[in-house]
Amino acid sequence: MKKVAVFPGSFDPFTKGHECIVEKALNLFDEVVIGIGQNTSKKYLFDLERRKAHIESIFEGKDRVKVQVFTGLTVNFCKSINAEFIVRGLRDSKDFGYERSIAQMNQEISGIESVFFMTVPEYTAINSTIVREIYKSGGNIDLFVTNAEMLVK
């Protein structure tokens, strides 16, 4: 049976840190589905179609990586595509504390297991919030985002 994992997030934008986590997950799973979650109460800087196309451009030619958009609970999305695992990236112990609680709740309500991967040290400081601020202030985000031109057309 194929091992499928979902890597969920808003990915506004999808950074090199996110990319690193997907590459690590491909060592354990047969397929990684990058699930772009839609939260109606959240305001995004980059529109949904642009974020999806951007992520697809990064993994072009990698058949084991899929990109899908979903709404609602991540665990329900996982069930709908027969994924048994959720992938999450960790930069530090603060991330772990936050992610552990979510993983425990997801396990309790669905039986879906979360798997954590540490990002490589050079990407530890990268987070989407800071990247958005750099972009909004007129800065270049190429150091932090692969194929950034796909987002900022």
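Use the structure listed above.
Parameters and conventions
Residues numbered from 1 in each chain as written. Predicted model: local features only at pLDDT ≥ 70, side-chain atom pairs only at ≥ 80, totals over all residues. Heavy atoms only, no water. Pairing = 2+ DSSP bridges. Helix = DSSP H or I, 4+ residues; strand = E, 2+ residues; numbered from the N terminus. Axes fitted to C-alpha atoms, helices over the stretch in contact; angles between N-to-C directions. Contact = heavy atoms within 4.5 Å. Salt bridge = Lys/Arg side-chain N within 4 Å of Asp/Glu carboxyl O. Buried < 20%, exposed > 50% of the residue type's maximum accessible area, 1.4 Å probe, protein only. Expected span 1.5 Å × (residues − 1). Polar contact = N/O pair within 3.5 Å; in protein donor to acceptor, adjacent residues only side chain to side chain.

### A few points about the sheet that holds strand E3 (residues 65-71)
Okay, step 1: Strand order in the open sheet formed by five strands is E3-E2-E1-E4-E5, and the pairing between neighbours is parallel. Here the strands that pair on one side only, and so sit at the sheet edges, are E3 and strand E5 (113-118). The sheet shows a mean angle of 35° between the axes of neighbouring strands, direction not considered.
Okay, step 2: Of the strands in this sheet, strand E1 (4-9), strand E2 (31-38), E3, strand E4 (85-90) and E5 touch helix H1 (residues 16-25), which is tilted by about 115° from E5.

### Quick notes on the pattern of salt bridges
Okay, step 1: Considering all chains together, one arrives at six salt bridges under this definition.
Okay, step 2: We note a salt bridge from Lys2 to Glu31, for which the minimum N-O separation is 3.2 Å. Separated by 29 residues along the polypeptide, Lys2 in the segment before E1 and Glu31 in strand E2 bring together distant segments of the chain.
Okay, step 3: Relative accessible area serves as the criterion here: at 13%, Glu31 is assigned to the buried category.
Okay, step 4: In this structure, Lys62 and Glu23 form a salt bridge, with 2.7 Å as the shortest nitrogen-oxygen distance. Here Glu23 lies in helix H1 and Lys62 lies in the loop between helix H2 (48-58) and E3, a separation of 39 residues in the sequence.

### A few points about helix H4 (residues 93-110)
Okay, step 1: Along its 18 residues, H4 runs 25 Å from first to last C-alpha, staying within 8% of the 26 Å computed at 1.5 Å per residue.
Okay, step 2: Taken together, the buried positions of H4 are occupied by Asp95, Glu99, Ala103, Asn106 and Ser110.
Okay, step 3: Turning to H4, the residues buried within the fold contact helix H3 (74-80), E4 and E5.
Okay, step 4: The N-capping residue of H4, defined by a side-chain oxygen 3.1 Å from the backbone nitrogen of Lys94, is Asp92.
Okay, step 5: Downstream of H4 by one or two residues, Gly111 has phi in the positive range, about 80°.

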